[in-house]
Amino acid sequence: MPVNPRRIRALRKESHDSHASQSSGPVIYWMSRDQRVRDNWALLYAGELAKTPGSHLAVAFCLAPSFLGATKMQYRFMLQGLKEVSDDLSARIIPFILLRGDPREEISRLIEELDAGALVCDFSPLRDSLECKSHLAQIIEIAFYEVDAHNIIPCWLASPKQEWAAYSFRPKVHRLLFEFLDEFPASSSFPSFPALPEKVAAKNATNEPVKSSFQEGGSAGIDWQEVLEWPEAEEMPAAKGSEPGERAAFRQMDYFLKHRLAGYENERNNPNISGQSGLSPYLHFGQISAQRVALEAARSGIDAGAFLEELIVRRELSDNYCYYNQHYDDVQGFPAWALRSLDEHSGDRREYLYSLPELEKAATHDDLWNAAQQEMQQTGKMHGYLRMYWAKKILEWTATPAAAQAAAIYLNDRYELDGRDPNGYAGIAWSIGGLHDRAWKERAIFGKVRYMSYSGAKRKFDVQAYIDRWSPSR
Ligand code: FAD
Ligand code: FO1
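Residues numbered from 1 in each chain as written. Chains lettered and ligands numbered in written order. Predicted model: local features only at pLDDT ≥ 70, side-chain atom pairs only at ≥ 80, totals over all residues. Heavy atoms only, no water.

1. Observations concerning the site of ligand 1
In step 1: Taken together, 27 residues are adjacent to ligand 1, and Tyr 264, Ser 277, Gly 278, Asn 412 and Asp 418 come closest.
In step 2: The side chain of Lys 381 places a nitrogen or oxygen atom 3.0 Å from an oxygen atom of ligand 1.
In step 3: Considering ligand 1 on its own, with 830 Å² of exposed area, one finds that the protein chains cover 92% of that surface.
In step 4: Among the secondary structure elements, those contributing two or more residues to the shell around ligand 1 are α11 (280-284), α13 (305-324), α17 (384-396) and α19 (422-433).
In step 5: Of the residues forming the shell around ligand 1, the biggest block, six residues, is contributed by α13.
In step 6: Grouping the constituent residues of the shell around ligand 1 by class yields eight nonpolar, 12 polar and seven charged.
In step 7: Both domain 2 (246-324) and domain 3 (331-470) contribute no fewer than three residues apiece to the shell around ligand 1. (Near = heavy atom within 4 Å. Polar contact = N/O pair within 3.5 Å; in protein donor to acceptor, adjacent residues only side chain to side chain. Areas by Shrake-Rupley, 256 points an atom, 1.4 Å probe, with all protein chains shown as cover. Helix = DSSP H or I, 4+ residues; strand = E, 2+ residues; numbered from the N terminus. Nonpolar A, V, L, I, M, F, W, Y, C, P; charged D, E, K, R; others polar. Domains from an automatic or database assignment.)

2. Focus on the side chain of Arg 414
In step 1: Among the secondary structure elements, Arg 414 is positioned in helix α18 (residues 401-415).
In step 2: A polar contact of 2.8 Å, which involves the side chain of Arg 414, links it to the side chain of Glu 234.
In step 3: Beyond its immediate chain neighbours, meaning those up to four positions away, Arg 414 contacts Gly 69, Thr 71, Met 73, Gln 74, Glu 234, Met 236, Glu 360 and Arg 420. (Contact = heavy atoms within 4.5 Å.)

3. Observations concerning the environment of Ile 153
In step 1: Structurally, Ile 153 is set in the loop between β6 (143-147) and α5 (155-158).
In step 2: Among the residues examined, Ile 153 registers a relative accessible area of 0% and is labelled buried.
In step 3: Once residues within four sequence positions are removed from consideration, Ile 153 is found in contact with Asp 148, Ala 158, Val 173, Leu 176, Leu 177, Phe 180 and Glu 316. (Buried < 20%, exposed > 50% of the residue type's maximum accessible area, 1.4 Å probe, protein only.)

4. Some points on the packing of helix α12 (residues 290-299) against α13
In step 1: Between α12 and α13, the shortest axis-to-axis distance is 10 Å and the interhelical angle comes to 150°. Judged by the inter-axis angle, α12 sits roughly antiparallel to α13. Crossing hand, α12 versus α13: left-handed. Counting all contacts with α12, which are made through Ala 290, Val 293, Ala 294 and Ala 297, the residues of α13 involved are Phe 307, Leu 308, Leu 311, Ile 312 and Arg 315.
In step 2: The class makeup of the residues in the contact of α12 with α13 is eight nonpolar, no polar and one charged. (Axes fitted to C-alpha atoms, helices over the stretch in contact; angles between N-to-C directions. Parallel < 35°, antiparallel > 145°, perpendicular 65-115°, else oblique. Left-handed = near helix turned anticlockwise from the far one by under 90°.)

5. Quick notes on the pairing of strand β3 (residues 57-63)
Along a regular strand, successive side chains alternate from one face of the sheet to the other.
In step 1: Across the seven residues that make up β3, a large majority, seven, are buried.
In step 2: Of the strand pairs in this sheet, strand β2 (residues 27-31) and β3 are connected by five bridges, and their pairing is parallel. Bridging from a neighbouring strand, Met 31 pairs with Phe 61 of β3.
In step 3: Since β2 and β3 lie parallel, the crossover through helix α1 (residues 41-49) that links them has a hand, and here it is right-handed.
In step 4: Direction of pairing for β3 relative to strand β4 (residues 96-100): parallel, over a ladder of five bridges. Bridge pairing in β4 places Leu 63 opposite Arg 100. (Pairing = 2+ DSSP bridges. Right-handed = clockwise from strand over helix to strand, strands pointing away.)

6. Considering the pattern of salt bridges
In step 1: According to the stated counting rule, one finds 31 salt bridges in the structure shown.
In step 2: Residue Glu 226 pairs with Arg 100 through a salt bridge whose shortest N-O separation is 2.9 Å. You can see Glu 226 sitting in helix α8 (residues 224-228) and its partner Arg 100 sitting in strand β4, a full 126 residues away along the chain.
In step 3: Residue class for Arg 100 comes out partly exposed when judged on its relative accessible area of 22%.
In step 4: Across the salt bridge formed by Arg 299 and Glu 296, the nearest N and O atoms sit 3.2 Å from each other. Here Arg 299 pairs with Glu 296, and both are found in helix α12, just three residues apart, close to one helical turn.
In step 5: In this structure Arg 299 comes out as partly exposed when scored by relative accessible area, which is 48%.
In step 6: Connected via shared salt-bridge partners are Asp 39, Glu 183, Arg 292, Glu 296 and Arg 299. (Salt bridge = Lys/Arg side-chain N within 4 Å of Asp/Glu carboxyl O.)

7. What to know about the packing of aromatic side chains
In step 1: This structure, assessed with the given rule, holds 19 aromatic pairs.
In step 2: Arranged with centres 5.9 Å apart and planes meeting at 90°, the rings of Phe 256 and Tyr 264 form a pair that is edge-to-face.
In step 3: Judged by relative accessible area, Tyr 264 falls into the buried class, the value being 6%.
In step 4: One aromatic cluster is present, formed by Tyr 352, Tyr 354, Trp 369, Trp 390 and Trp 397 through successive ring pairs.
In step 5: One residue, Arg 438, lies across the ring of Trp 440, its end atom 3.8 Å from the ring centre.
In step 6: In this structure, Arg 443 packs its charged tip against the face of Tyr 451, placed 3.5 Å from the ring centre. (Phe/Tyr/Trp six-rings, centres within 6.5 Å; stacked < 30°, edge-to-face > 60°. Lys NZ or Arg CZ within 6 Å of the ring centre and 35° of its normal.)

8. Re helix α9 (residues 246-260)
In step 1: The end-to-end C-alpha distance of α9 is 20 Å, a good match for the 21 Å that 15 residues give at a rise of 1.5 Å each.
In step 2: Here α9 has its buried residues at Glu 246, Ala 248, Ala 249, Phe 250, Met 253, Phe 256 and Leu 257.
In step 3: Each element contacted by the buried residues of α9 is listed here: α2 (72-91), α10 (264-267), α11, α12 and α13. (Expected span 1.5 Å × (residues − 1).)

9. Topic: unusual backbone geometry
In step 1: One non-glycine residue with positive phi stands out, namely Leu 68, at about 45°.
In step 2: Structurally, the position occupied by Leu 68 is in the loop between β3 and α2.
In step 3: The phi dihedral of Ile 445 is positive, around 60°, even though this residue is not glycine.
In step 4: Considering the arrangement of structural elements, one finds Ile 445 in the loop between α19 and α20 (454-460).
In step 5: Take Ile 445: its relative accessible area is 7%, and that puts it in the buried class.

10. Description of the domain arrangement of the protein chain
In step 1: The assigned domain composition of the protein chain is domain 1 (1-150), domain 2 (246-324) and domain 3 (331-470).
In step 2: Relative placement of domain 1 and domain 2: their C-alpha centres are 26 Å apart.
In step 3: Each side of the interface is counted separately: domain 1 has 22 residues, and domain 2 has 19 residues.
In step 4: On the domain 1 side of the interface with domain 2, the three residues burying the most area are Phe 77, Glu 84 and His 150, jointly 30% of the side's total.
In step 5: At the junction of domain 1 with domain 2, the criterion picks out four salt bridges.
In step 6: Across the salt bridge formed by Arg 247 and Glu 84, the nearest N and O atoms sit 2.7 Å from each other.
In step 7: Counting across the interface, domain 1 meets domain 2 through 16 residue pairs in polar contact (both at pLDDT 80 or more). (Buried area = accessible area lost by both parts, 1.4 Å probe.)

What follows is the structure, encoded as structure tokens:
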């Protein structure tokens, strides 16, 4: 079964006078957001293009010197997953090329070096990624396709505009699920290539990069020891908890479906219970496909409605927000009613004011907030229920909503394994700026933005048990 053409859009069509149609080089899949071999529509489409006689497939990943404040903790998680990708591709005789630097330069140089026939990329709604692809589309001379391999419904098809909230987005999603929540082709139908393209094979044999800026080949050509220590990222201890990679992601999914899905609706909001799936780091780095998780959850025979609402509607709504609102990470992205109301309360007295270093050190008067900050720093994953509380308190304790949003994004992106994600920008704009929410009873500082209190949290779960578990002295 070919990839549904509606998942694909041409960023640059091949021109008749271009040399690409005569190229002897490979189709390149430039992997970025969807770092997996299984269940990857972008890889499958690149494979389809490479099926024409004489063509080949190569996968390239471009390692950016720094990415939205990511530290070694996140780079290690990502790079260990990429090593697995490289090994799995190697087993299928598909070369994996690791570039380092700015993809605008590195990908265009690679196209020239390999005399590539076409370029395929995956989709991200984030600004840098969109700008980078639009720049590349202008400077390269071969066909360039984008495949949304992250969302179940391609972001640009799910809705043509920014949605107000889940209630307006949900019916659009449900209408299209019938078409897009389909099974992936069996992995055995994935093309395997009889021989390495000559140019890449030559490099593999000598194990010497043609250009100092890149290394290639299956894992054989890459010094993973050196790469895993990615020297350009800031030092940060490894997160306790999630093991990286595609296989670990499948184990996590299987465990969740078997042991936790049935209780998800009632237990997901209790931070003392591991009632959530724990899949967000894998989903963020594309080490597992959300579509695979949705298919397996739907097949489990268990009522998966509440889980699928989060996994599909809420997750894809975040991509919708970032794609259609270029202010996704500043206060101009907040809905007008919330921005106006927050402005009206900008002069309200703040009982507590904390600096960013104080927040980062979990040194506030609020032991629940401090514990949540600790959970995030120690494990790279704060419980979902507390993320709302955490962000709303930052609004309460900083001088302006803009400062609160900036602090929340900084901490989220620095310490969460799943940070630097549309879900993070939307979650923070939801908590601090009323995004995808309605107006609530007006109160100090928050205006009409929904408020959360310590006493409210106490009514929901055993706050003391959570504090005892994560407080710094333990
Ligand atoms: P589960 O409850 O098992 O859900 C499964 C999947 O559904 C998640 O992995 C996620 O992809 C999606 N999902 C669940 N809740 C939401 C939601 N509210 N919005 C959008 N998608 C959702 N999520 C991130 O992936 N990265 C972030 O950086 C991030 N930052 C957040 C910051 C704040 C202030 C808030 C309020 C939420 C944030 N979220 C973020 C959303 C949500 O809290 C996490 O996705 C969830 O807690 C991850 O745990 P899980 O995979 O075990 O979730
Ligand atoms: N994607 C890349 O293509 N190259 C990187 O070097 C890279 C680093 C990175 C670090 C942390 C992180 O959370 C994600 C990272 N990603 C990287 C993936 C990134 O999420 C996607 O490429 C985005 O979709 C781009 O907008």
